[in-house]
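The residues making up each chain are set out below.
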Protein chains: 2
Amino acid sequence: MAKQLIIDLYGCNNIILNNEKKIKAIAKMMVTSIGAQILEEHLRKFNPIGITYFAVISTSHFSIHTWPEHNYAAIDLFSCNDFDEKAFAENLRNEFQAKAAKTKLIQRSITDNE
Amino acid sequence: MAKQLIIDLYGCNNIILNNEKKIKAIAKMMVTSIGAQILEEHLRKFNPIGITYFAVISTSHFSIHTWPEHNYAAIDLFSCNDFDEKAFAENLRNEFQAKAAKTKLIQRSITDNE
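All values reported here derive from a predicted model rather than from experimental measurement.

Draft legend 1. How the structure looks around the packing of aromatic side chains. Scanning the model with the defined rule gives 11 aromatic pairs over all chains in all. Within the aromatic cluster, the residues linked to one another by ring pairs are Tyr10, Trp67 and Tyr72 of chain A together with Phe78 of chain B. Sitting over the face of the ring of Phe78 of chain A, Arg108 of chain A holds its NZ or CZ atom 4.9 Å from the ring centroid. Geometry around Phe83 of chain B places Lys3 of chain B over its ring, the cationic atom sitting 4.7 Å from the centre.

Listed below in C-alpha cells is the structure:
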C-alpha cells in the first residue's frame, strides 16, 4: 500500500513561491522529515513567474507547482512508506506561510486485491 | 480549476513496465493526446527493476511509477487544461496491456473560493 497526499495551499507568501533556493530547501526538509531521501530533483521556472519542482525520492515522488500570481501552491507527496500526513501538511503550510490548506489523502494499492 | 487524474494499472505487461524507450514513447503519445507538450522529462531506473518517469508539461505534470514485479503502474496527470479523463485512462490501459484500472479524478482549485 502506498499513500499519496495532495495539498493545495492558498494565500501563500508569493516571494517564497517564486524563489528557487527556498523551494529546494523546503523540499529537502520535507522529504527528510518522512525519513526519505531525494535521489534526484528538477526545477523549472516559468516566465514570468511560477515554478515546477519535482523530486524522485527513495519512496516515490514529491512535487510542487507554484502560481505566485494566485498565492497558490499545488503539492503532492507519493510514498510507499507510511508518514504522518497531518504533520506533513502543517509543516508545509508554515513553510509557505499559507493562510489556508486543503488536503486529500489517497491510498494506492500496489496489488489489485489489497 | 485544474484537474488531476490518478490511475492505478494492474496486471500490466511487465516487459513494457521496465522498458525506458517504451515508457517515454507512451508518455509522449499521452501528453500529445491532450494537446499539451513535454517541456522536459526525466526517467530513473531502479535496481533491479522499476522506473520512475516524470515530465513537466505545458499544463503541469505527468508521472509514471512502475513496479514490474507487481505488474503495477501508478500514473498521475495534473493539468490546468481540461481533458477527457475516460479516453486518457483507457488509452493508458491499452498501452500497458493492463487487465484492470482504477482511476480517481481530483479537482484542484487555484483559488480558494472556486
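Draft legend 2. Examining helix α2 (residues 20–33) of chain A more closely. Residues and elements named next belong to chain A. Here α2 spans 20 Å end to end across 14 residues, near enough to the 20 Å set by a 1.5 Å rise per residue. Taken residue by residue, α2 has Ile23, Ile26, Ala27, Met30 and Val31 as its buried positions. Seen along its axis, α2 keeps its buried residues to an arc of 125°; they face one direction. Exposed residues pointing more than 90 degrees away from the buried face of α2 are listed as Lys21 and Lys28. Packed against the buried residues of α2 are α1 (14–17), β2 (38–45), β3 (51–57), β4 (60–67) and α3 (85–95). One side-chain oxygen of the residue at the start of α2 lies 3.0 Å from the amide nitrogen of Lys21, identifying that residue as Asn19. Residue Gly35 follows α2 closely and has a positive phi angle near 80°.

Draft legend 3. A look at the sheet that holds β2 of chain A. Residues and elements named next belong to chain A. Read from one edge of the open sheet, six strands run β2-β3-β4-β5-β1-β6, paired in antiparallel fashion. Each having just a single partner strand, β2 and β6 (100–108) make up the two edges of the open sheet. Sheet twist, expressed as the mean angle between neighbouring strand axes with direction ignored, is 10°. With nine bridges joining them, strand β1 (residues 2–10) and β6 adopt antiparallel strand pairing. Directly across from Leu9, in β6, lies its bridge partner Ala101. Where α2 meets the sheet, its contacts fall on β2, β3 and β4, and the angle it forms with β2 comes to roughly 155°. Each of β1, β4, β5 (72–79) and β6 touches α3; the most contacted strand, β1, lies at about 30° to it.

Draft legend 4. Up close: unusual backbone geometry. Residues and elements named next belong to chain A. Across the junction of Asn47 and Pro48, the peptide omega takes the value 5°, indicating a cis bond. The topology assignment puts Pro48 in the loop between β2 and β3. The backbone of Asn71 sits at a positive phi, close to 55°, despite the residue not being glycine. Checked against the element boundaries, Asn71 lands in the loop between β4 and β5. Owing to a relative accessible area of 26%, Asn71 belongs among the partly exposed residues under this scheme.

Thresholds applied
Residues numbered from 1 in each chain as written. Chains lettered and ligands numbered in written order. Predicted model: local features only at pLDDT ≥ 70, side-chain atom pairs only at ≥ 80, totals over all residues. Heavy atoms only, no water. Phe/Tyr/Trp six-rings, centres within 6.5 Å; stacked < 30°, edge-to-face > 60°. Lys NZ or Arg CZ within 6 Å of the ring centre and 35° of its normal. Helix = DSSP H or I, 4+ residues; strand = E, 2+ residues; numbered from the N terminus. Expected span 1.5 Å × (residues − 1). Buried < 20%, exposed > 50% of the residue type's maximum accessible area, 1.4 Å probe, protein only. Arc of directions from axis to C-beta. Contact = heavy atoms within 4.5 Å. Polar contact = N/O pair within 3.5 Å; in protein donor to acceptor, adjacent residues only side chain to side chain. Pairing = 2+ DSSP bridges. Axes fitted to C-alpha atoms, helices over the stretch in contact; angles between N-to-C directions.

In short, the description is geometric, and any link to function would need to be established separately.
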